[in-house]
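So you can see what is in the structure, the chains are spelled out below.
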There are 2 protein chains.
Amino acid sequence: MRILIADSDSGAVSHLVKVLGKSSYAVDHVKTADEALNMFKHYEYDLFITELVLSDLPGEELIRQVRRSRISTPIMVLSVRTDSPTKVAAFSAGADDYVTKPFDMSETQARIQALTRRSYGIAESRLCVGPLELDLESRMVSVNGHFLHLTSKEYSILELLLLRKGAVLTKDMFLNHLYGGIDEPEMKIIDVFICKLRRKLQRFGAEHMITTVWGRGYILQDPAVAAGTSASSQGFTEGSAPLRQAG
Amino acid sequence: MRILIADSDSGAVSHLVKVLGKSSYAVDHVKTADEALNMFKHYEYDLFITELVLSDLPGEELIRQVRRSRISTPIMVLSVRTDSPTKVAAFSAGADDYVTKPFDMSETQARIQALTRRSYGIAESRLCVGPLELDLESRMVSVNGHFLHLTSKEYSILELLLLRKGAVLTKDMFLNHLYGGIDEPEMKIIDVFICKLRRKLQRFGAEHMITTVWGRGYILQDPAVAAGTSASSQGFTEGSAPLRQAG
DNA sequence: TATCAGCGATGAGAATACGCATAATTTCAA
DNA sequence: TTGAAATTATGCGTATTCTCATCGCTGATA
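Each value, and the rule that gives it
Residues numbered from 1 in each chain as written. Chains lettered and ligands numbered in written order. Predicted model: local features only at pLDDT ≥ 70, side-chain atom pairs only at ≥ 80, totals over all residues. Heavy atoms only, no water. Helix = DSSP H or I, 4+ residues; strand = E, 2+ residues; numbered from the N terminus. Rg over C-alpha atoms; globule rule 2.2 N^0.38 Å. Areas by Shrake-Rupley, 256 points an atom, 1.4 Å probe, with all protein chains shown as cover. Near = heavy atom within 4 Å. Polar contact = N/O pair within 3.5 Å; in protein donor to acceptor, adjacent residues only side chain to side chain. Nonpolar A, V, L, I, M, F, W, Y, C, P; charged D, E, K, R; others polar. UniProt positions renumbered as here; feature names shortened; annotations may be inferred. Buried < 20%, exposed > 50% of the residue type's maximum accessible area, 1.4 Å probe, protein only. Lys, Arg positive; Asp, Glu negative; His and termini not counted. Salt bridge = Lys/Arg side-chain N within 4 Å of Asp/Glu carboxyl O. Contact = heavy atoms within 4.5 Å. Arc of directions from axis to C-beta.

Of regular secondary structure, chain A possesses nine helices and twelve strands. Computed over C-alpha atoms, the radius of gyration of chain A comes to 19 Å, within 12% of the 18 Å expected from 2.2 N^0.38 for 247 residues, which places it in the range of a compact globule. Along the three orthogonal principal directions, the C-alpha set of chain A runs to about 60 × 35 × 30 Å. Total accessible area computed for chain A in this model is approximately 11100 Å², and 52% of it derives from carbon and sulfur atoms.

With that out of the way, let us pick up the protein's contact with DNA strand C. In the vicinity of DNA strand C, 23 residues are found, and the nearest of them are A:Thr212, A:Tyr218, B:Arg198, B:Arg199 and B:Tyr218. The side chain of A:Lys171 places a nitrogen or oxygen atom 2.9 Å from a phosphate oxygen of DNA strand C. Contact distances for DNA strand C include 2.9 Å between a phosphate oxygen and a side-chain N or O atom of A:Arg198. Of all the elements in the fold, those that place two or more residues in the surface near DNA strand C are α8 (189-203) of chain A together with α8 (189-203) of chain B. Its residues placed into classes, the surface near DNA strand C shows eight nonpolar, five polar and ten charged.

Here, the residues flagged by UniProt with the feature "domain: OmpR/PhoB-type" (unreviewed entry) are residues 124-222 of chain A. For the annotated span residues 124-222 of chain A, helix accounts for 35% and strand for 24% of the residues, and the straight-line distance between the end C-alpha atoms is 19 Å.

All names here are of chain B. Relative to the assigned elements, Asp222 resides in the loop between β12 (217-220) and α9 (223-226). At 8.6 Å, Lys165 is the nearest oppositely charged side chain to Asp222, a buried residue that forms no salt bridge. Residues contacting Asp222, with those up to four places away along its chain left out, are Val129, Gly130 and Met209.

All names here are of chain B. Residues of helix α7 (residues 171-179) that are buried: Phe174, Leu175, Leu178 and Tyr179. In a view along the axis of α7, the buried residues occupy a sector of 100°, so they form one face of it. Contact partners of the buried residues in α7: α6 (152-163), β10 (169-170), α8 and β12. With its phi angle positive at about 60°, Gly180 sits one or two positions after the end of α7.

Below, the structure is given as structure tokens:
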């Protein structure tokens, strides 16, 4: 899960950055609107958190520019200003949430969670596919009722697979989901993690859930459902369900 | 835009109902969780606003039940409770926003707008022509319900054909779609892929879908529909239509 | 009808991607 | 600081796909 934070102040926000980092969010932290816009040019984010007062541009204008660039990433505003007109202006510029400083850490985390899952069109924090269950909040993963011990990266990969189940995900997408803009490792590690994930899933009887799509990437499917199709190596249900929940 | 509000208290909320009604939202107002669940059975909403304290069920439990019914409508909680654990619990049950009473009307309206505007514009990822179906997300292709195993390039070609169905596509277009200008192989390769595609489609009864336009390129059509229509649809017509089916 | 360019089909070698093991490096808690 | 776990890098055998050369055929044109 990838977050961009634009904030010049280094107080409570830097604490937030740390907390999020430890929750295995990939956080990029910039100090100016210009830097933020630049990051948006190169990377995709699941959430953008911004101050309203940045040195080079009013935050509200920044939000407007982001939206004008057709970036639909959810935006959370963090600000000391509590007056209603300011809030309304932020929302109408394109913000999705507004949190006033000083903020309560756990509430803010909950809001961040709500915004990120919503950006995938998902309403619940528990995701299921066949025998596999993943809870976005507690980061617990179970297969047929057995809880798996996943490392942070393994979890992140499985998380993305579940958030976008039924879609082919390229290694680029995984890299983007797992790492901050700078110093991404080589693409080849993704298949190492996939390999490890598969083995852990298999240990409790969840085989053939992660399918390789040659030359493209990987896709997560319920093997029980996919089994119905004979001729192809990668089956899928006939007349299958809509891939995205309305939201 | 359709909104369901569950609230037993008739003070500020009834004012909200009025205001929203005037803003051309269609608002249904119920007083109990039971009524709310009943409404969800019969109607679809773009937003659900609920109190946390309802006479028959804790609001948090109501949210959970809604989510369990696979209803992914955004949920806003309105409550007098301001403590962080309560908020976190609401979010984790599946809420998308939490507003404390007494609430500021204009801010709340802005939040409502932020929640509802996201429900627009969900892209359709499935393309169909006759017996042929292609899903852009999962890259699955089926013919008469049989799933095909296509290689990466084969898929890309079929994808372009479907995205621009009914139009003549030149080999240049295919090359550009497949290689994006860098390291392009010989143009002849397109023939090869088209040939392989045709054979795979044929295997499951989809014949004559990809038609050759001599000297120009290829076109995808539903054979059942195209039977009557000659290929005058492209503005490329030079006398009689030079169409030929491969055998 | 002759001629020529475009198309269909095939198969084999080249190129590429993948799975997995293992090794090297980093991180983090004790 | 040290040791264990996690992360990253590398290497290689295997599997799959891509590409090209080739040949026979088709349609356009004069």
